[in-house]
Amino acid sequence: MSNEYLQYEEKMQKAITFLESQFNSVRAGRANVAVLNQVSISYYGTQTPLAQVASIGTPDPRTLTIQPWDAGVLGDIEKAILSSDLGINPQNDGKLIRLSFPQLTEERRKELGKQVRKYGEDCKVTIRNVRRDAVEAAKKEQKAAEMTEDDLKNAERDLQKLTDKFIKEVDDLTAKKEKELSEL
């Protein structure tokens with residue numbers, strides 16, 4: 001691949017990186033601080049990641065504790081967790097919030113599998129959108145006589161190869177995460 005495609009390859013790689021962070025937030029039957037990475041609260045009018053307003057700990061393999069530095073946001077944290085797709089009810093004791101992770105049921109495993117597939121599909125759409133933008137840019141260059149018809153065809157072919165490579169990576173990551181969920 002030449003340097004002209006580098007910016008598009010970087011955008012596709014960012015989509016993969018985001019997908020990996022989403023997969024890390026899918027809980028896998030045990031307490032993992034990463035499940036809270038997607039949770040944010042309104043803190044003095046600004047959406048703020050949970051990790052920036054509270055201390056998060058794992059006292060045992062099936063429990064997370066969230067202790068905010070400002071006790072006034074306990075209710076907001078509780079609401080944010082309830083509205084997220086974690087599927088866990090927070091227990092608020094007035095000082096900290098406990099999240100107990102139950103053993104995964106077959107039904108919850110299926111829900112998590114659907115969530116993983118949805119994240120994978122969203123990532124593929126993002127990658128295809130990057131390809132579409134790249135092809136449109138190449139077509140504009142061709143119309144402006146900066147590129148020949150053959151160069152446009154070569155660019156489209158190269159961009160498709162790049163897209164196929166990243167789509168395969170998404171499929172591999174999705175299959176790996178689904179396998180991980182089924183083994184729990």
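Scroll up a little and you will see the structure.
Note that residues are indexed from 1 along each chain, following the sequence as it is written. Thresholds applied to this predicted model are a pLDDT of at least 70 for local features of residues and 80 or more for the giving and counting of side-chain atom pairs; totals over whole chains, interfaces and linings are not thresholded and use all residues. Heavy atoms from the whole structure form the basis of all side-chain values; hydrogens and water molecules are not counted.

## Some points on helix α1 (residues 6–25)
Part 1 of the reasoning: Along its 20 residues, α1 runs 29 Å from first to last C-alpha, staying within 8% of the 28 Å computed at 1.5 Å per residue.
Part 2 of the reasoning: Accessibility here uses a 1.4 Å probe with only protein chains present; expressed as a share of the type maximum, an area under 20% marks a residue as buried, one over 50% as exposed, and anything in between as partly exposed. Counting from the N terminus, the helices are the DSSP runs of H or I reaching at least four residues and the strands are the DSSP runs of E reaching at least two. Along α1, the residues that are buried comprise Tyr 8, Met 12, Ala 15, Ile 16, Leu 19, Gln 22, Phe 23 and Ser 25.
Part 3 of the reasoning: Buried residues along α1 sit in contact with α3 (106–143) and α4 (149–182). Take the number of residues in a helix, subtract one, and multiply by 1.5 Å to get its expected span. It only takes one pair of heavy atoms within 4.5 Å for two residues to be counted as in contact.

## Description of the environment of Val 26
Part 1 of the reasoning: With respect to the helices and strands, Val 26 occurs in the loop between α1 and β1 (40–43).
Part 2 of the reasoning: In this structure Val 26 comes out as buried when scored by relative accessible area, which is 3%.
Part 3 of the reasoning: For the pair Val 26 and Leu 86, spaced 60 residues apart in sequence, the C-alpha to C-alpha distance is 7.9 Å.

## Structural notes on the layout of surface pockets
Part 1 of the reasoning: Of the grid points, spaced at 1 Å and generated over the protein atoms alone, those admitting a 1.4 Å probe that cannot get out make up cavities, while open sets with protein on both sides within 12 Å along at least five of seven lines make up pockets; any residue with an atom within 4 Å of a point is treated as lining. Grid points are joined across faces, edges and corners, and a volume is the space filled by probe spheres set on the points. When its volume is computed, the second largest pocket comes out at roughly 180 Å³.
Part 2 of the reasoning: Breaking the lining of the second largest pocket down by element, the ones donating at least two residues are α2 (74–83) and α3.
Part 3 of the reasoning: All amino acids are sorted into three groups, where Ala, Val, Leu, Ile, Met, Phe, Trp, Tyr, Cys and Pro are nonpolar, Asp, Glu, Lys and Arg are charged, and the leftover types, Gly among them, are polar. Residues that form the lining of the second largest pocket fall into these classes: seven nonpolar, six polar and three charged.

## A look at the packing of α1 against α4
Part 1 of the reasoning: Axes, fitted as lines to C-alpha atoms, cover a helix only where it is in contact. Angles between the N-to-C directions of the axes lie from 0 to 180 degrees. Where α1 meets α4, the closest approach of the two axes is 11 Å, and the angle between their N-to-C directions is 10 degrees. Judged on the interaxial angle alone, α4 and α1 are roughly parallel. Taken together, the residues of α4 that come into contact with α1 (itself represented by Tyr 8, Glu 9, Met 12, Gln 13, Ile 16, Leu 19, Glu 20 and Phe 23) are Leu 159, Leu 162, Thr 163, Lys 165, Phe 166, Glu 169, Val 170, Leu 173, Thr 174 and Lys 177.
Part 2 of the reasoning: In terms of residue class, the contact of α1 with α4 is built from 10 nonpolar, three polar and five charged. Should an angle fall under 35 degrees it is called roughly parallel, over 145 degrees roughly antiparallel, and 65 to 115 degrees roughly perpendicular, with every other angle called oblique.

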